Amino acid sequence: GKLYASPKENDYRKSVFAQNMNTVETVNERKLSYSFALNKFADLTKEEMKARYFGLGKPTAMPASEDHSRILEQTSLGAEYSGMKKDWAKEDTLNDVLHQGSCGACYSFSTVISLEHLYFLKYNQKIKLSEQELVDCSKGHGNTGCQGGWMHQAYDYVLQNDGMQLASTYPYMAVEGQYCRMNPARNVRGLLSRYVKIPENNNEMIRRALHTSLVPSAVDAHDLTFYSAGVYDNENCASDINHAIVIVGYGTSPEGQKYWKVRNSWGPDWGSKGYFKLLRHDGISRGIC
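Please read these numbers as outputs of a predicted model, since none were measured by experiment.

> Break down the packing of aromatic side chains for me, citing the residues and quoting the values.
Taken as a whole, this structure holds 13 aromatic pairs when the rule is applied. An angle of 85° between the planes, with centres 5.0 Å apart, marks the rings of Phe109 and Tyr172 as edge-to-face. Of this pair, Phe109 sits in helix α4 (residues 106-123) while Tyr172 sits in the loop between α6 (151-160) and α7 (203-209), and the two are 63 residues apart along the sequence. A residue is classified by how much of its surface remains accessible, and Phe109, at 8% relative accessible area, is buried. By relative accessible area, which is 23% here, Tyr172 ends up partly exposed.

And the structure:
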């Protein structure tokens, strides 16, 4: 159903599609713990996919957190945190998965859903915040619009401005606006008072934190384009962290594989209704991807 500008481009896209179809079939023939499927990205090369749909910039220094111990106290392993699974997506606390479009704004979507979720937990009301405001207005905090950014830099913007607008007053356009149209009078206030950095590779702290909030994070997404189902456990993932996501839960598959449940921003028709499962390690251990 796609139309291309010329017969030459049509032929080129057909050849890219054929290569991607071969990749999908090769993976699925191996009967792994995960499966691939052709999707709306099947006529794109890996380079094009990265350029259009990833989106982490070069981060400014993240402030050292003095509050690690406080998190551990708040989420001590009492009975309520000793469960084998958690899944915020199944608790009807989250808005629908959206598609960032051809704008490297994954950091904005990751930031927004985490703030929307906290708002729901506090007020029992779903709101839709503006990803576009962060794309247009958080450049002074180190983000670069559709060229990428980081969640902690977006949080700094929200803290400095005491909130942000709803999507209804600042809708998402999937392109950078020519100027920032923030209006403090329209802000939803009190969204955030502080944030904490979880130490690198500390899987246990991620698991504990998931009982009180979502955990924005980032992955190397170069091999996730055609993910369809199952627990992705390809340990050969490169270490080019290039795409913001949100960890929304954890669990164990029927086959005994521990996983993180992860929310993406490539639309509900990607992956498993917009989500994927990523192999989960215990303790102080580098995660895959």
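> Go over the side chain of Arg280, please, and point to the residues and values.
Looking at the element boundaries, Arg280 is found in the segment after β7 (275-279). At 3.1 Å, the side chain of Arg280 forms a polar contact with the backbone oxygen of Tyr259. Ignoring sequence-local partners within four residues, the contact set of Arg280 consists of Met84, Arg207, Tyr250, Gly251, Thr252, Lys258, Tyr259 and Trp260.

> Which residues make up the state of the cysteines, and what values go with them?
This model, assessed by the stated rule, comprises three disulfides. Residue pairing for Cys103: its cysteine sulfur links by disulfide to Cys146, the two sulfurs lying 2.0 Å apart. In this structure, the disulfide formed by Cys103 and Cys146 twists by about -95° around the S-S bond and is classed as left-handed. Here Cys103 is found in the loop between β2 (86-87) and α4, whereas its partner Cys146 is found in the loop between α5 (131-137) and α6, with 43 residues between them in sequence. Since its relative accessible area comes to 14%, Cys146 is described here as buried. The residue that forms a disulfide with Cys237 is Cys289, at a sulfur-sulfur distance of 2.1 Å. Between Cys237 and Cys289 the disulfide shows an S-S torsion of about 70°. By sign, it is right-handed. Of this pair, Cys237 sits in the loop between β4 (227-232) and β5 (243-252) while Cys289 sits in the segment after β7, and the two are 52 residues apart along the sequence. What makes Cys289 buried here is its relative accessible area of 10%. Once the bonded cysteines of the protein are numbered in order along the sequence, the disulfide links fall as 1-3, 2-4, 5-6. In this structure Cys106 is not part of a disulfide, and its nearest cysteine sulfur, from Cys103, lies 9.1 Å away.

> An account of helix α1 (residues 7-29) is needed here, citing residue identities and associated values.
Look at α1: 33 Å from first C-alpha to last across 23 residues, which is about the 33 Å you get at 1.5 Å a residue. Listing the buried residues of α1 in full gives Arg13, Val16, Asn20, Val24 and Val27. Lining the buried residues of α1 we find β1 (34-36) and α2 (46-53). Of the residues trailing α1, Lys31 is marked for its positive phi of about 50°.

What counts, and where the lines are drawn
Per chain, residue numbering runs from 1 following the sequence as it is written. Residue-level local features of this predicted model are given only where pLDDT is at least 70; pairs of side-chain atoms are given and counted only at 80 or more, and the full residue set underlies all totals for whole chains, interfaces and linings. Heavy atoms throughout the structure, all of them, feed into the side-chain values; hydrogens and water do not. Ring pairs are drawn from Phe, Tyr and Trp, using the six-membered ring of Trp, whenever the two centres fall within 6.5 Å, and their geometry is named by plane angle: stacked under 30 degrees, edge-to-face over 60, tilted for the rest. Note on conventions: DSSP H or I runs of at least 4 residues are helices, E runs of at least 2 residues are strands, and numbering of each starts at the N terminus. Working definition: with a 1.4 Å probe on protein chains only, accessible area under 20% of the residue-type maximum means buried, over 50% means exposed, and in between means partly exposed. Under the rule applied, a polar contact is a pair of N or O atoms within 3.5 Å (in protein, one hydrogen donor and one hydrogen acceptor; residues adjacent in sequence only if both atoms are side-chain atoms). Whether two residues are in contact is decided by their heavy atoms: any pair within 4.5 Å suffices. We call a pair of cysteine sulfur atoms a disulfide when they lie within 2.5 Å. Here the expected span of a helix is defined as 1.5 Å times the quantity of residues minus one.

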